[in-house]
Amino acid sequence: MRLQASILWKGLLSVGALTLILAGLPSSAEDAGTLYNTPYDVALGERYFERQCSRCHGFDAKGNDETGAPDITGRLNRASNEVGIFNVIRNGVPGTAMLPVDAELPDTQVWQLVAYIESLRYDPNSVQLEGSADSGLALFRGKGDCSSCHMVSGQGGRLGPDLSRIGESTRPEDLMTAITDPHEDVAPRWWTLEITGPDGVERTGFRMGEDSFSVRIMDNESNLWSYQKDDIQSIDRIERSTMPSYDGSMSEGELDDLVAYLFSLRREEN
Ligand code: HEC
Ligand code: HEC
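Computed from a predicted structure; not experimentally measured. (Residues numbered from 1 in each chain as written. Chains lettered and ligands numbered in written order. Predicted model: local features only at pLDDT ≥ 70, side-chain atom pairs only at ≥ 80, totals over all residues. Heavy atoms only, no water.)

Caption draft 1: Main features of the overall build of the protein. Within the protein one finds 10 helices and 7 strands. Buried residues in the protein amount to 35% of all 270 residues. When contacts within the protein are restricted to residue pairs at least 6 apart in sequence, those whose partners lie at least 24 apart make up 55%. Working note: accessible area of the protein is about 17100 Å², and carbon and sulfur atoms make up 50% of it. (Helix = DSSP H or I, 4+ residues; strand = E, 2+ residues; numbered from the N terminus. Buried < 20%, exposed > 50% of the residue type's maximum accessible area, 1.4 Å probe, protein only. Contact = heavy atoms within 4.5 Å. Areas by Shrake-Rupley, 256 points an atom, 1.4 Å probe, with all protein chains shown as cover.)

Caption draft 2: Seen up close, the packing of aromatic side chains. On inspection of all chains with the given rule, the structure shows 4 aromatic pairs. Between tryptophan 190 and phenylalanine 206, the aromatic rings sit 5.0 Å apart at their centres with planes inclined by 85 degrees, giving edge-to-face as the arrangement. A residue pair is termed long-range when its members are at least 10 positions apart, and tryptophan 190 in the loop between helix 9 (172-180) and strand 3 (192-196) and phenylalanine 206 in strand 4 (residues 202-210) qualify at 16 residues. The buried category is assigned to phenylalanine 206, whose relative accessible area is 6%. Taking NZ or CZ as reference, arginine 189 lies 3.9 Å from the ring centre of tryptophan 190, over its face. A cation over an aromatic ring shows up here: arginine 203 above the ring of tryptophan 225, its NZ or CZ 3.5 Å from the ring centre. (Phe/Tyr/Trp six-rings, centres within 6.5 Å; stacked < 30°, edge-to-face > 60°. Lys NZ or Arg CZ within 6 Å of the ring centre and 35° of its normal.)

Caption draft 3: Structural context of the coordination of the iron atom of ligand 2. His150 (NE2) and Met243 (SD) make up the full set of protein donors to the iron atom of ligand 2, lying at 2.0 to 2.1 Å. Coordination geometry of the iron atom of ligand 2: the 6 donor atoms subtend angles of 88 to 178 degrees at the metal centre, consistent with an arrangement described as octahedral. Residue histidine 150 is located in the loop between helix 7 (133-141) and strand 1 (151-152), and its partner methionine 243 is located in the loop between strand 7 (234-238) and helix 10 (252-263); the two are separated by 93 residues in the primary sequence. Residue histidine 150 is classed as buried on the basis of its relative accessible area, which comes to 12%. (Donors = N, O, S within 2.8 Å, 3.2 Å for Na, K, Ca; no water. Tetrahedral: all angles 85-135°; square planar, octahedral: opposite > 155°, others 65-115°.)

Caption draft 4: Spotlight on a negative patch on the surface. Judged by side-chain charge, Glu173, Asp174, Asp181, Glu184, Asp185 and Asp247 come together as a negatively charged surface patch. Relative to the helices and strands, glutamate 184 is located in the loop between helix 9 and strand 3. Judged by relative accessible area, which is 46%, glutamate 184 ranks as partly exposed. (Patch = residues over 30% accessible without salt bridge, like charges linked within 9 Å, V, L, I, M, F, W, Y side chains within 5 Å. Salt bridge = Lys/Arg side-chain N within 4 Å of Asp/Glu carboxyl O. Lys, Arg positive; Asp, Glu negative; His and termini not counted. Charge placed at Lys NZ, Arg CZ, Asp CG, Glu CD.)

Caption draft 5: The site of ligand 1, seen in detail. Surveying the vicinity of ligand 1 reveals 21 residues, the closest of which are Cys53, Cys56, His57, Arg78 and Met98. Histidine 57 is positioned with one of its side-chain polar atoms (N or O) 2.8 Å from a nitrogen atom of ligand 1. Arginine 78 places a side-chain nitrogen or oxygen 2.5 Å from an oxygen atom of ligand 1. Looking at the shell around ligand 1, the elements that each hand over two or more residues are helix 4 (54-57), helix 5 (82-91) and helix 6 (107-121). If one sorts the elements of the shell around ligand 1 by residue count, helix 4 sits on top with 3 residues. Split by residue class, the shell around ligand 1 holds 14 nonpolar, 5 polar and 2 charged. (Near = heavy atom within 4 Å. Polar contact = N/O pair within 3.5 Å; in protein donor to acceptor, adjacent residues only side chain to side chain. Nonpolar A, V, L, I, M, F, W, Y, C, P; charged D, E, K, R; others polar.)

Caption draft 6: Expanded view of helix 6. Counted at 1.5 Å a residue, the expected span for helix 6 with its 15 residues is 21 Å, and the 21 Å between its end C-alpha atoms agrees. Those residues of helix 6 that fall on the buried side of the exposure criterion are Thr108, Val110, Trp111, Gln112, Leu113, Val114, Ala115, Tyr116, Ile117 and Glu118. (Expected span 1.5 Å × (residues − 1).)

Caption draft 7: Structural view of helix 10. Compared with the 16 Å implied by 1.5 Å per residue over 12 residues, the 16 Å span of helix 10 between its first and last C-alpha is a close match. Here helix 10 lies mainly inside the structure; 9 of its 12 residues are buried. Along helix 10, the positions that sit buried rather than exposed are Glu254, Leu255, Asp257, Leu258, Val259, Ala260, Tyr261, Leu262 and Phe263. The elements touched by buried residues of helix 10 are helix 7, strand 1, helix 8 (166-169) and helix 9.

Caption draft 8: Quick peek at the pattern of salt bridges. Within this structure, the stated rule accounts for 5 salt bridges. Lysine 229 serves as the salt-bridge partner of glutamate 210, at 2.7 Å between the closest nitrogen and oxygen. With a gap of 19 residues between them, glutamate 210 in strand 4 and lysine 229 in the loop between strand 6 (224-228) and strand 7 connect regions that are remote in the sequence. Under the relative-accessibility criterion, glutamate 210 is labelled partly exposed at 23%.

Caption draft 9: Region of interest: the coordination of the iron atom of ligand 1. Note on the iron atom of ligand 1: its protein donors are His57 (NE2) and Met98 (SD). The metal-donor distances range over 2.1 Å. Of note is the iron atom of ligand 1, whose 6 donor atoms meet at the metal with angles of 87 to 179 degrees in an arrangement that counts as octahedral. With a gap of 41 residues between them, histidine 57 in helix 4 and methionine 98 in the loop between helix 5 and helix 6 connect regions that are remote in the sequence.

Caption draft 10: Spatial organisation of the site of ligand 2. Not every one of the 19 residues close to ligand 2 is listed here, only the nearest: Cys146, Cys149, His150, Ser241 and Met243. In this structure, an oxygen atom belonging to ligand 2 sits 3.2 Å away from a main-chain N or O atom of proline 182. Residue classes in the shell around ligand 2 are distributed as 13 nonpolar, 5 polar and 1 charged.

Structure representation (structure tokens):
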């Protein structure tokens, strides 16, 4: 019993920390939908849905004749986009059993519900792409030299994120942006830090970890360097990506092929 309570408490703490971090970001209805749609947000949205919404809409969200709650996995009647779904959840549908959510519920969590509902409506098999995944694979290993930095199914470099399952969590249009405009939205893990240590030697590497007192980087040869912040002479943060943009060096057709290949990367079904 005590163990369970402490696990729950940990979960609450980490959700709280996330909310704090995100609290500084723009929160207008137009902007926020795209901020809270990571797989993590979808998972939190699903958890909340199961607790608060499934008794009417069903665990699969496919609706329930007895309660009159509709299937919300397909086209919706009351909303045509994310902001519309947000408003239905926030305000309810007056005169029906669809009540507004608790007024105390933070917008963040409403967006996570939206992200979950959007994820239900999204069927990757129905997506038609221009490019050819086979040609994309050839470009990935050849002309694009993507595998020197990215690992797929255990093969490739470690200078960028593992892409083995990138197609599960990322939509084609976002894959295209990742290739043509890599500097947008670089996760802190991939920032470059230039640190001049107590000995006056400058070292450059990915930001592997950082807290109030210390910071760790990994250089290009995969060496880890750890510093106490008090001892450092200087630290520069480069929040741009180390990935080159392929806008221009690849034709439009080649970019489409790369996107088709990346989108095909998901867990093997068996
Ligand atoms: C007490 C039953 C009940 C609960 C609980 C409930 N709903 Fe509903 N919901 C309904 C009903 C009934 C409607 C249909 C209202 C109408 O349009 O006539 C509806 C409509 C909706 C719609 C709009 C569907 C469309 O086609 O436009 C969405 C989205 C939705 N609910 C999401 C949620 C979410 C998310 C939760 C949990 C926070 C939730 N509902 C909790 C009964 C419920
Ligand atoms: C010099 C190393 C390097 C090369 C070469 C490189 N990338 Fe990257 N890539 C990165 C890094 C670092 C990131 C993470 C930072 C960012 O988001 O840009 C990244 C991010 C990505 C992402 C986003 C991943 C995510 O989790 O959202 C995709 C998709 C991607 N790269 C595809 C490619 C493709 C396709 C190529 C070849 C055409 C390529 N990369 C070439 C280093 C590289």
